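# Residue-level structural notes
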Amino acid sequence: MDARDQRPASDPAVRIRQARPEDLPLLQDIERAAGEPFRALGMDAVADDDPPPLEDLEGYRAAGRARVTEQGGRPVAYLIWDEVDGAAHIEQVSVHPAAARRGLGRGLIEDLAERAAERGLGALTLTTYADVPWNAPYYARLGFRALRDAEVTGGLRAIRCAETAHGLDHWPRVCMRRELP
């Protein structure tokens, strides 16, 4: 286990750690619950979208690219990522609504930023909904900026094509980037 996993957060009952095999079904539950607020915006298709399959989550976990925030010994948030064009690309970050608005998503992103910088990666990237308050505006507050079309890398273009094929472009989406020190 990584020694940094043992660092207490501001709440000693909360810590970030590598996902374990037994966590994976719970990550799917977190994803389902985190999708529900999209219904209030008329985005039922997003709320109804299936979480990543267990096999995909296991791939991220086995590669060391799945982190969870646990509270009271149980995951309440998670982040999975890929390396895309020299950046750590946040594939998904989700917080259970019962644990929302406590900085847990931010904590996972900062944890990734630290790990990505140690690996020599130059940035964090993600794709998200442009107009959903807890999406692009939230990430902008964390130091991400929307990329102009000319700045979108080949890997990000491929991700956007896959998202379009999956039907996510029914609402405006944006690629975002945060440089790392």
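Keep in mind that this is a model prediction, so the values were computed, not measured. (Residues numbered from 1 in each chain as written. Predicted model: local features only at pLDDT ≥ 70, side-chain atom pairs only at ≥ 80, totals over all residues. Heavy atoms only, no water.)

## Quick notes on unusual backbone geometry
Positive phi values are uncommon outside glycine, yet D85 reaches one of about 50°. Tracing the sequence through the fold places D85 in the loop between β3 (74-84) and β4 (87-95). Given a relative accessible area of 45%, D85 falls into the partly exposed group. In this structure, R101 takes a positive phi of about 65° despite not being glycine. Residue position: R101 is located in the loop between β4 and α4 (104-118). On the basis of relative accessible area, R101 is assigned to the exposed category, the value being 87%. (Helix = DSSP H or I, 4+ residues; strand = E, 2+ residues; numbered from the N terminus. Buried < 20%, exposed > 50% of the residue type's maximum accessible area, 1.4 Å probe, protein only.)

## Quick notes on the sheet that holds strand β5 (residues 123-129)
Hydrogen bonds between backbone atoms are what pair the strands of a sheet, whose relative direction is either parallel or antiparallel. Strand order in the open sheet formed by seven strands is β1-β2-β3-β4-β5-β7-β6, with mixed pairing between adjacent strands. Looking along the sheet, the strands with just one partner apiece sit at the ends: β1 (14-18) and β6 (145-146). Sheet topology places β6 next to strand β7 (residues 173-179); two bridges connect them, and they run antiparallel. Bridge pairing in β7 places A146 opposite M176. Each of β2 (66-71), β3 and β4 touches helix α1 (residues 24-35); the most contacted strand, β3, lies at about 90° to it. (Pairing = 2+ DSSP bridges. Contact = heavy atoms within 4.5 Å. Axes fitted to C-alpha atoms, helices over the stretch in contact; angles between N-to-C directions.)

## Remarks on the packing of aromatic side chains
Counted according to the given criterion, the structure contains five aromatic pairs. Summarising the aromatic geometry, the rings of Y139 and F144 are spaced 5.8 Å apart at their centres and angled 70° between planes, so their arrangement reads as edge-to-face. What makes F144 buried here is its relative accessible area of 4%. Taken together, the ring pairs connect F38, Y129, W134 and W171 into an aromatic cluster. (Phe/Tyr/Trp six-rings, centres within 6.5 Å; stacked < 30°, edge-to-face > 60°.)

## With respect to α4
Between its first and last C-alpha atoms α4 spans 21 Å; for 15 residues at 1.5 Å apiece the expected length is 21 Å, and the two agree. Taken residue by residue, α4 has L104, G105, L108, I109, D111, L112, A113, R115 and A116 as its buried positions. Following α4 by one or two positions, G120 has its phi on the positive side, about 85°. (Expected span 1.5 Å × (residues − 1).)

## With respect to the pattern of salt bridges
Counted according to the given criterion, the structure contains 17 salt bridges. With a closest N to O distance of 2.7 Å, R61 and E58 form a salt bridge. A residue pair is termed a helical-turn pair when its members lie 3 or 4 positions apart in one helix, as R61 and E58 do in helix α3 (residues 54-62) at three residues. By relative accessible area, E58 is classed as partly exposed at 27%. In this structure, R173 and E163 form a salt bridge, with 3.0 Å as the shortest nitrogen-oxygen distance. Of this pair, R173 sits in strand β7 while E163 sits in helix α6 (residues 154-165), placing them ten residues apart in sequence. Note on E163: relative accessible area 11%, which makes it buried. One continuous salt-bridge network, built from bridges that share partners, spans R15, R17, D23 and E70. (Salt bridge = Lys/Arg side-chain N within 4 Å of Asp/Glu carboxyl O.)

## What to know about the environment of G167
Among the secondary structure elements, G167 is positioned in the loop between α6 and β7. What makes G167 partly exposed here is its relative accessible area of 42%. Between the alpha carbons of G167 and V46 there is a distance of 9.2 Å; along the sequence they are 121 residues apart.

Read these as spatial facts, not as claims about activity.
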